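# Survey of secondary and tertiary structure
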Amino acid sequence: MLEDKEQRRKETAVLLHYQSHFTSEGQFIIQSSVKGPKHIDTRVESFLEMFGSKLYEMTSEQFKSNVNTLIDMKFEKHKNLREESRFYWREISNGTLKFDRREAEVAALRQLTQEELIAFFNEYVKIGAPQKKTLSIRVYGNQHASEYTSDNSKSVEPTVVHIDDIFSFRRSQPLYGSFKGGFGQMKL
């Protein structure tokens, strides 16, 4: 079993980063030199299916234990001045200025119920969820040129938007140019 997991990890990708801030947003950044982007998207969807089944099967004691572990992680002190300054600069550069983010997230965690988490998962995360939005940016390396040709020749699903010119796409969006915060753009 362990060998299967190790082989699967080598075949698919390296998970570089996952980030979520108690919103309907989560972010996976994944790269692979072995498998192409479409395969990676399929593996992410498989992970979400597996996560959903674990979430549904979780007992209330396990849920409470996981929440308490997450709370403990949130309350860990910054390890050094660099880590602490990154936290504050991220708030400034994102324009959120929520310097009490840890305390607010812990308060939200303490109020969160397992039923609410499952309802959120069903509404925003699971495959086929009514409010699910996915952005998949696919970059094909030379090893996957044939996959790129194959993926582009197939008809896309009605819910898929294929973007070839990112600048035109950005300009076509209704909120393009609106205030996003960001370092150097903020007006206090």
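Everything discussed here concerns the structure shown above.
Residues numbered from 1 in each chain as written. Predicted model: local features only at pLDDT ≥ 70, side-chain atom pairs only at ≥ 80, totals over all residues. Heavy atoms only, no water.

Time to look at the overall build of the protein. When helices and strands are counted, the protein shows eight helices and two strands. Ordered by position in the sequence, the α and β elements of the protein form the string α-β-β-α-α-α-α-α-α-α. Looking at the protein as a whole, 15% of its 188 residues qualify as buried. When the accessible surface of the protein is split by element, carbon and sulfur atoms take 54% of a total near 15,000 Å². (Helix = DSSP H or I, 4+ residues; strand = E, 2+ residues; numbered from the N terminus. Buried < 20%, exposed > 50% of the residue type's maximum accessible area, 1.4 Å probe, protein only. Areas by Shrake-Rupley, 256 points an atom, 1.4 Å probe, with all protein chains shown as cover.)

This brings us to the nonpolar core. Counting nine residues, the largest nonpolar core consists of L55, M58, F63, V67, I71, V106, L109, I118 and F121. Those elements that provide at least two residues to this core are α3 (60-74), α5 (101-111) and α6 (114-125). Residues contacting V106, with those up to four places away along its chain left out, are I71, K74 and F75. (Core = buried A, V, L, I, M, F, W, Y, C linked by side-chain atoms within 4.5 Å. Contact = heavy atoms within 4.5 Å.)

Given a rise of 1.5 Å per residue, 14 residues ought to cover 20 Å, and the 20 Å separating the end C-alpha atoms of helix α4 (residues 81-94) matches this to within 8%. The N-terminus of α4 is capped by N80, whose side-chain oxygen sits 3.2 Å from the backbone nitrogen of R82. (Expected span 1.5 Å × (residues − 1). Polar contact = N/O pair within 3.5 Å; in protein donor to acceptor, adjacent residues only side chain to side chain.)

Our focus in this paragraph is the packing of α3 against α5. A packed helix pair is summarised by two numbers, namely the angle formed by the two axes and the spacing between the axes. Two numbers describe how α3 lies on α5: the axes approach to 10 Å, and their chain directions differ by 170°. Our classification of the angle between α3 and α5 gives roughly antiparallel. From α3, V67, L70, I71 and K74 reach across to α5, where they touch R102, E105, V106, L109 and R110. Tallied by class, residues from the contact of α3 with α5 come to five nonpolar, no polar and four charged. (Axes fitted to C-alpha atoms, helices over the stretch in contact; angles between N-to-C directions. Parallel < 35°, antiparallel > 145°, perpendicular 65-115°, else oblique. Nonpolar A, V, L, I, M, F, W, Y, C, P; charged D, E, K, R; others polar.)

Summed over all chains, the structure comprises six aromatic pairs. The interplanar angle of 75° and the centroid separation of 5.0 Å between the aromatic rings of F87 and Y88 together place this pair among those described as edge-to-face. We classify F87 as buried; its relative accessible area is 10%. Residue Y88 is classed as partly exposed on the basis of its relative accessible area of 34%. Seen from their ring centres, F120 and Y124 are 5.0 Å apart, and the 35° between their planes marks the pair as tilted. Residue F120 and its partner Y124 are both found in helix α6; the two are separated by four residues, about one turn of the helix. Residue classification places F120 among the partly exposed residues on the basis of a relative accessible area of 30%. A relative accessible area of 33% means that Y124 is categorised as partly exposed. Following the ring pairs from residue to residue traces out a cluster consisting of F47, F51, Y56 and F121. (Phe/Tyr/Trp six-rings, centres within 6.5 Å; stacked < 30°, edge-to-face > 60°.)

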